[in-house]
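Read off the chains here:
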Amino acid sequence: MLIAFSVAPLGAGESVSQAVADAVRIVRESGLPNRTDAMFTTLEGEWGEVMDVVRRATEAVGAHGHRVSLVLKADIRPGHTGELDGKVQRVEALLTD
């Protein structure tokens, strides 16, 4: 499964960079395939392991404010792996034809 999520503290001031860095560090240390862009972090794995990483990242961000905003989107497709790159590669291939 793929999970794309964005997590940020509320009430922590204008910049949330340190809080986001703390969350991304947890994602990267998980060992799961992942990618971070300007808006979301996407990770790939089994339901339990992916949701555990999201929970721990959310808790880390919570240390930076009194409230946390979490946006989550999932692509649940049993039996498929490597989709973090595979989905993008398929679209790119169509664009070069």
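Residues numbered from 1 in each chain as written. Predicted model: local features only at pLDDT ≥ 70, side-chain atom pairs only at ≥ 80, totals over all residues. Heavy atoms only, no water.

With an unreviewed UniProt entry as reference, the chain is termed MTH1187 family thiamine-binding protein, source organism Cellulomonas dongxiuzhuiae. Annotation of the chain in UniProt includes, under Sequence similarities (unreviewed entry), the sentence "Belongs to the UPF0045 family." (UniProt positions renumbered as here; feature names shortened; annotations may be inferred.)

(A) Local environment of the sheet that holds strand S2 (residues 34–36). What the four strands build is an open sheet, ordered S2-S3-S1-S4; its pairing is antiparallel. Edge positions in the sheet fall to S2 and strand S4 (67–75), since each has one partner strand and no second. Neighbour-to-neighbour, the strand axes of this sheet turn through a mean angle of 20°, independent of strand direction. Pairing analysis gives three bridges linking S2 to strand S3 (residues 41–44), with the strands arranged antiparallel. Residue pairing across strands places arginine 35 opposite threonine 42, the latter belonging to S3. Most of the contacts of helix H3 (residues 83–96) go to S2, to which it runs at about 65°, and overall it touches strand S1 (2–10), S2, S3 and S4. (Pairing = 2+ DSSP bridges. Helix = DSSP H or I, 4+ residues; strand = E, 2+ residues; numbered from the N terminus. Axes fitted to C-alpha atoms, helices over the stretch in contact; angles between N-to-C directions. Contact = heavy atoms within 4.5 Å.)

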